[in-house]
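# Fold and geometry: a report
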Amino acid sequence: MLYGRLDYQRKVRALDHFLYRDGILHAEDVPLSEIAASVGTPAYVYSTATLERHFRLFDEALEGMPHLVCYAMKAASNQAILKTLAALGAGMDVVSGGEYARAKAAGVPGDKIVFAGVGKTEAEIAQALAGGLRQFNVESESELQAISRVASEMGVTAPVTIRVNPDVDAKTHAKIATGKSENKFGVPIARARGVYAEAAALPGIEVIGIDVHIGSQLTDLAPFEAAYLKVAELTETLRADGHKIERLDLGGGLGIPYERSNTAPPLPTEYGALIKRTVGHLGCEIEIEPGRLIAGNAGILLSRVVYVKEGEGRRFLILDAAMNDLIRPAMYDAWHDIVPVIEPEPGQERASYDVVGPVCESGDTFARAREMPQLREGDLVAFRSAGAYGAVMASEYNSRPLVPEVLVKDDHHAVIRARPSFDEMISRDSIPEWL
Ligand SMILES: *Cc1c(COP(=O)(O)O)cnc(C)c1O
C-alpha cells in the first residue's frame, strides 16, 4: 500500500462533504437537522460535490488513455444522481431494461450505455438495440445467440464484449464476489477462445473487446492485478486468433472505507496506475464501471432515535430506520458508521448499543454492541457511507412507505424522491372485481 492509514484518512476527509460545522452535521452547507425538519426521517441525503468529486477521481486516474467511466447505476439510480453524473460526461453501466430506460430518461446518449447482466431477455436486447448502446457485455453462449437472433431480425449489428471469468478470488463478501469459477458470471477464461470463435461466426454481432468484473467492495489491488494480467494475456491470444480487441471493460468493484477507523482501501489514482501498468500497452480503449466508490460516501441515511430500551445486559437504540430502508447490514453483515447529528462534546459519555429498527425480525439489526456517544430519544443519527446499495434496495416491508431521497448542492437541497403517503402506497394495489 502506498499510503498509510492516517494519510488515507486525511485524504478521504478532505473529500468528505458530510462534516460537523457549528456543532451540527452538515451535508455540504445544509444542516442535516434542517432536512430532518422539512423532509422527515428516515431519509437518504446525497452530496452533489461528493458524487462529482468521485467521478472525476476515476476520470483523472485514467487520463492519458482513451477511456470512459461508466457509472454502475445499480448502486444508486435516482434520475437526479444520473443527471449529475451525466453532466460530467459519465457513461452508464446498466443491468436491466428499467435501468436502460432510466439512463435514457436522464439524457445519457445510447453510445455511452453499456448493458451488463447474466439474464438479459430478448425484450431487453431489442430495447437497447432500438435505443442505441455502446455494447452488450455478454455472459454466455446462449446470450450470444439471443443477441445475434434479435439483431439480425432488426437488421442491425450489436457491438459486444464477452465477459470472462478469470477465476480470481476477490477476497470480499461471498455475496458480492463474482470472479471465481463457482460464480454464475462470465465464461470461464479457459474457454474464452472457443466462445470468441463462435461469436465471430454469428450474424448480427460485432465482437469489439473483453469484459471482466470480479466483485465488489475490494479493499486490495492484488485481485484486480491478477485479473487484469489474465485479460492482457487473453487480449494477445485473441488478437493472434484474428479477433479485433479494441476495448477492455475492466468492471467496477473498488471498495470504500465503511469503517473509517480501520480500513484504507486503495485510492482511484493507485487503481488507475495499476490499469496503465497491466493493460496500458495494448492500445485499447478502457472502460471502468465503478458504482460503490462514486455513490457510497456521497450519501447518508438520516434517522431518529424512537426509543432507548434497556434489555437484559444490553441497551437497544430503536431507530425509525429499518432493514427495509437499508438492508446492507442484514444482507451482507455490513458495517456502517453511525454518528449523532449533534456533534458530541469532547469527553461526552459513551455507551454500548444494539442499534435496531422497528421491523418485526431480529435481522433488523444495524449494529451490535456498538460504542457510541450516549444518545437520547428524539436525537438524530446519520449512517455514513449509505449512498450505494442503500435506497435502491429499499422496500415497503411492514408497509413502511418507501424511504425518500434528498440531493444537496451547496446550500440548496431538493427532494428527489418523495416519501409516498399511506394513500399513495395503498392505491398502487388494485382490487379484483369479485371483491
Ligand atoms: C455491481 C457491478 C459493478 C459495480 O460494482 P461496484 O462495486 O459498485 O463498483 C460494475 N460492473 C458490474 C458488471 C457489476 O455487476
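Residues numbered from 1 in each chain as written. Predicted model: local features only at pLDDT ≥ 70, side-chain atom pairs only at ≥ 80, totals over all residues. Heavy atoms only, no water.

## Describing the pairing of strand β19 (residues 380-383)
Quick reminder of the rule: Exposure classes here rest on a 1.4 Å probe applied to the protein chains alone. A residue is buried below 20% of its type maximum, exposed above 50%, and partly exposed in between. Secondary structure elements follow DSSP: runs of H or I of four or more residues count as helices, runs of E of two or more count as strands, with numbering from the N terminus. Whether two strands pair depends on DSSP finding at least two bridges between them.
Going residue by residue along β19, you find Leu 380 and Ala 382 tucked away on one face and Val 381 and Phe 383 tucked away on the opposite face as well. Strand direction decides the pairing type here: strand β14 (residues 299-310) and β19, joined by four bridges, are antiparallel. Opposite Ser 303, over in β19, you have Val 381 as the bridge partner. The pairing of strand β16 (residues 338-340) with β19 spans three bridges and is antiparallel. Residue pairing for β19: Val 339 is matched across the bridge by Ala 382.

## Concerning the nonpolar core
So the rule is basically this: We define a nonpolar core as any set of buried Ala, Val, Leu, Ile, Met, Phe, Trp, Tyr and Cys residues linked to one another through side-chain atoms lying within 4.5 Å. Those domain boundaries reflect an automatic or database domain assignment. Only heavy atoms enter the contact rule, under which two residues are in contact if any of them lie within 4.5 Å.
Counting 104 residues, the largest nonpolar core has Tyr 71, Met 92, Phe 136, Tyr 228, Leu 248 and Ile 275 as its most contacted members. Ranked by residues supplied to this core, first place goes to helix α9 (residues 222-240) with seven residues. When residues of this core are assigned to domains, at least three map to each of domain 1 (2-46 + 296-427) and domain 2 (116-290). Setting aside anything within four residues of it in sequence, one finds Leu 248 in contact with Ile 210, Val 231, Thr 235, Val 279, Leu 282, Cys 284, Glu 285, Ile 286 and Glu 287. Within the second largest apolar cluster, 18 residues are counted, among which are Leu 302, Val 341, Leu 380 and Val 408.

## Digging into the domain arrangement of the protein
Selection rule: Note: buried area is the sum, over both parts, of the accessible area (probe 1.4 Å) each one loses when the two are combined. Only Asp, Glu, Lys and Arg are considered charged, only Ala, Val, Leu, Ile, Met, Phe, Trp, Tyr, Cys and Pro nonpolar, and every remaining residue, Gly among them, polar.
Domain parsing of the protein yields domain 1 (2-46 + 296-427) and domain 2 (116-290). Counting residues at the interface gives 20 residues for domain 1 and 16 residues for domain 2. Taken together, both faces of the contact between domain 1 and domain 2 bury some 1,700 Å²; the carbon and sulfur share is 54%. Counting only elements with at least two residues in the side of domain 1 that touches domain 2, the list comes to α1 (5-14) and α12 (328-332). Considering each element in turn, the side of domain 1 that touches domain 2 owes the most residues, five residues, to α1. Across the side of domain 1 that touches domain 2, the residue classes break down as eight nonpolar, five polar and seven charged.

## Quick word on the site of the ligand
Selection rule: Summary of the distance rule: residues count as near a molecule or strand when at least one heavy atom falls within 4 Å of that molecule or strand. A 3.5 Å cut-off defines polar contacts: any pair of N or O atoms within that distance qualifies, except that in protein one atom must be a possible hydrogen donor and the other a possible acceptor, and neighbouring residues in sequence count only when both atoms are side-chain atoms. A 1.4 Å probe and the Shrake-Rupley method give the accessible areas. Residues count as covered only by the protein chains that appear here.
The environment of the ligand is made up of 13 residues, and the closest members are Lys 74, Ser 216, Glu 289, Arg 292 and Tyr 389. The separation between an oxygen atom of the ligand and a polar side-chain atom of Lys 74 is 2.8 Å. In isolation the ligand has 390 Å² of accessible area, and contact with the protein removes 93% of it. In terms of residue class, the shell around the ligand is made up of three nonpolar, five polar and five charged.

## Topic: helix α7 (residues 141-154)
This is how it is decided: By definition here, a helix of n residues has an expected span of 1.5 Å times n minus one.
Counted at 1.5 Å a residue, the expected span for α7 with its 14 residues is 20 Å, and the 20 Å between its end C-alpha atoms agrees. Along α7, the residues classified as buried are Glu 143, Leu 144, Ala 146, Ile 147, Ser 148, Val 150 and Ala 151. On its buried face, α7 is in contact with α6 (122-131), β8 (135-138), β9 (158-165), α8 (192-201) and β11 (205-211). Backbone geometry just after α7 places Gly 155 at a positive phi near 70°.

## Considerations on the UniProt feature "domain: Orn/DAP/Arg decarboxylase 2 N-terminal" (unreviewed entry) in the protein
Which entries qualify depends on this criterion: UniProt positions are given in the numbering used here, feature names are shortened, and annotations may be inferred rather than shown by experiment.
In the numbering used here, UniProt assigns the "domain: Orn/DAP/Arg decarboxylase 2 N-terminal" (unreviewed entry) feature to residues 49-295. The straight-line gap between the two end C-alpha atoms of residues 49-295 is 11 Å; of that span, 40% is helix and 17% is strand.

## Quick look at the pattern of salt bridges
What counts is decided by this rule: A pair is scored as a salt bridge if a Lys or Arg side-chain nitrogen falls within 4 Å of a carboxyl oxygen belonging to Asp or Glu.
One pass over the full model with this rule turns up 20 salt bridges. Where Asp 241 meets Arg 193, a salt bridge forms, and the shortest distance between an N and an O atom there is 2.8 Å. With Asp 241 in the loop between α9 and β12 (247-249) and Arg 193 in helix α8, this pair connects stretches of sequence that are 48 residues apart. Under the relative-accessibility criterion, Arg 193 is labelled partly exposed at 47%. Note that Glu 206 is salt-bridged to Lys 244, the shortest N-O span being 2.5 Å. With a gap of 38 residues between them, Glu 206 in strand β11 and Lys 244 in the loop between α9 and β12 connect regions that are remote in the sequence. One continuous salt-bridge network, built from bridges that share partners, spans Arg 134, Arg 247, Glu 285 and Glu 287.

## Brief notes about the packing of α7 against α8
Here is the rule we go by: Angles here are taken between N-to-C directions and fall from 0 to 180 degrees, while the axes themselves are lines fitted to C-alpha atoms, restricted in helices to the stretch in contact. Here roughly perpendicular refers to angles of 65 to 115 degrees, roughly parallel to angles under 35, roughly antiparallel to angles over 145, and oblique to all remaining angles.
Relative to each other, α7 and α8 sit at 10°, their axes nearing to 10 Å. Judged by the inter-axis angle, α7 sits roughly parallel to α8. Contacts from Glu 141, Leu 144 and Gln 145 in α7 reach Val 195, Glu 198 and Ala 199 in α8.

## Some remarks on the UniProt feature "binding site: pyridoxal 5'-phosphate" (unreviewed entry) in the protein
Under the UniProt annotation, the feature "binding site: pyridoxal 5'-phosphate" (unreviewed entry) is placed at Gly 253, Glu 289, Pro 290, Gly 291, Arg 292 and Tyr 389. Looking at where Pro 290 falls in the secondary structure, it is placed in the loop between β13 (285-288) and α11 (292-295). Excluding residues that lie within four positions of it along the chain, Pro 290 makes contacts with Phe 58, Val 69, Cys 70, Tyr 71, Ala 72, Gly 251 and Gly 252. Along the chain, the position of Gly 291 falls in the loop between β13 and α11. Dropping the residues within four chain positions of it, Gly 291 is found in contact with Tyr 71, Ala 72, Ala 75 and Gly 296.

## Some points on the sheet that holds strand β1 (residues 18-21)
Read from one edge to the other, the open sheet built from three strands follows the order β1-β2-β3, with strand pairing classed as antiparallel. For this open sheet the edge positions go to β1 and β3 (30-31), each flanked by a neighbour on one side alone. Two elements, strand β2 (residues 24-27) and β3, share two bridges in a ladder whose sense is antiparallel. The residue of β3 that forms the bridge with Ala 27 is Val 30.

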